[in-house]
Amino acid sequence: MKRLLCLCLACLLAAACLPAGAEQPSFAGTVFVGDSIMQQIGRYRMEQTERGNPILEGARFLAISSYSLSQASRITPNEDKPALMLRGSRVSLPEGLRQLEARRVFIMLGMNDEAGARLNPQVNLYRRLIERVLNRNPDLELVALSVTPITKRAQTKKLNQANFNTFNTALEALCQEMGVSYLDVATPLMDGEGFLRPEFSSDNRVHLSKEGMEVFVKTIEAFALASVE
């Protein structure tokens, strides 16, 4: 079974402070999957590379705005919902990873499902997603990422930090049960009250600012380095 890696708060905060010039992990064969927040990370990676500061070198991205657990868990994409695109065609998550010959995948989904608002169905969808992805890609290292936080004032009845925390706790337990890795990317982005720090948000809601994306990427890099030690 794959080793479960859940970094504690102290380790995550240290990850966000990796010194310049520190060893950079390889992301060859790695695919990042998600919704509009993951799209942000992909754009940020391209911008940094163009400026001579390459990050997540070798990684590829399969992400689209409004992508959901329901769609990601399907064998065939629902024609009425946003789907991943690969070489100009709609593709399921398991098939997209197979075509990209992925060796490792980081998946961050649940925000568009109002994470935690309907916990049991969401956990069941994530379970099905993991099963189908690994059935199609049996040698793949799968890392499930927590959903990132929301700012305090942007919360709604269903989209709120308490629900996100409940979802993340259930996701961590599911990963442990299924023998896949879980990574908490939420905690390093939180303020003292457990919400998304205002300076880490670009829309005063859930999307990340440049500073927030820097912390997110360094958390991923620290995980990748720790996993090969």
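Here the structure is a predicted model, which is why all the values come from computation and not from measurement.

1. Looking at the overall build of the protein chain
From N to C terminus, the protein chain includes 7 helices and 7 strands. Among the 229 residues that make up the protein chain, the fraction classed as buried is 52%. When contacts within the protein chain are restricted to residue pairs at least 6 apart in sequence, long-range pairs at least 24 apart make up 73% of them. Only carbon and sulfur atoms are counted for the fraction: they give 49% of the accessible area of the protein chain, which is about 10,700 Å².

2. Brief notes about the packing of aromatic side chains
Enumeration over the complete set of coordinates arrives at 5 aromatic pairs. Measuring from ring centre to ring centre gives 5.1 Å for F32 and F61, while their planes differ by 15 degrees; the resulting arrangement is stacked. In this pair, F32 sits in strand β1 (residues 30–34) while F61 sits in strand β2 (residues 60–63), placing the two residues 29 residues apart along the sequence. Residue F61 is classed as partly exposed on the basis of its relative accessible area, which comes to 23%. Both rings, one in Y126 and one in F167, keep their centres 6.4 Å apart while their planes meet at 50 degrees; by these two values the pair is tilted. With Y126 in helix α5 (residues 119–136) and F167 in helix α6 (residues 161–178), this pair connects stretches of sequence that are 41 residues apart. An identical accessibility class is assigned to Y126 and F167; each is buried. Through a chain of ring-to-ring contacts, the aromatic side chains of F27, F32, F61, F106 and F223 assemble into a single cluster.

3. Details of unusual backbone geometry
If you check the backbone angles, S66 has positive phi at about 70 degrees while not being a glycine. As for its placement among the helices and strands, S66 is situated in the loop between β2 and α3 (69–72). Unusually for a residue other than glycine, E114 sits at a positive phi of about 55 degrees. The residue E114 is located in the loop between β5 (104–108) and α5 in this model. For E114, a relative accessible area of 27% gives the class partly exposed.

4. A few points about the confidence of the model for the protein chain
Of all residues in the protein chain, 90% have pLDDT values of 70 or greater, and the mean over the chain is 92. The low-confidence segment residues 1–20 (pLDDT under 50) makes 42 contacts with residues lying over four places distant or belonging to another chain.

5. Structural notes on the nonpolar core
L93, L97, Y126, L129, L145 and I220 are the most contacted members of the largest nonpolar core, which totals 66 residues. Residue contributions to this core peak at 7 residues, all from helix α7 (residues 210–228). Not counting chain neighbours up to four residues away, the residues in contact with Y126 comprise L69, I107, L109, A144, L145, F167, L171 and L174.

6. A short note on α5
Over its 18 residues, α5 extends 26 Å from the first C-alpha to the last, a length consistent with the 26 Å expected when each residue adds 1.5 Å. By the burial criterion, the buried members of α5 are Q122, V123, L125, Y126, L129, I130 and V133. Down the axis, α5 shows its buried residues gathered within 160 degrees of arc, on one side only. Across α5 from its buried face, at more than 90 degrees, point the exposed residues N120 and N135.

Each value, and the rule that gives it
Within each chain, residues carry numbers counting from 1 in the order of the written sequence. Per-residue local features are limited, in this predicted model, to residues with pLDDT of at least 70; the limit for side-chain atom pairs, both in listing and counting, is 80 or more; totals at the level of whole chains, interfaces and linings are taken over all residues. To get the side-chain values, all heavy atoms of the structure are used, and hydrogens and water are removed first. By the criteria applied, helices consist of DSSP H or I runs no shorter than four residues and strands consist of E runs no shorter than two, each listed in order from the N terminus. Burial classes: relative accessible area under 20% of the type maximum marks a residue as buried, over 50% as exposed, and values in between as partly exposed (1.4 Å probe, protein chains only). In what follows, a contact means two residues having at least one pair of non-hydrogen atoms within 4.5 Å. We get accessible surface area from the Shrake-Rupley algorithm with a probe of 1.4 Å; when it comes to residues, only the shown protein chains can shield them. Only centres within 6.5 Å qualify two rings of Phe, Tyr or Trp (six-membered ring in Trp) as a pair; their planes then separate them into stacked at under 30 degrees, edge-to-face at over 60, and tilted for everything else. The quantity known as pLDDT measures the predictor's confidence residue by residue, on a range of 0 to 100. We call a set of buried Ala, Val, Leu, Ile, Met, Phe, Trp, Tyr and Cys residues a nonpolar core when their side-chain atoms join them within 4.5 Å. Given the number of residues in a helix, its expected span is that number minus one, multiplied by 1.5 Å. Note that the arc is defined by the directions from the helix axis to the C-beta atoms.

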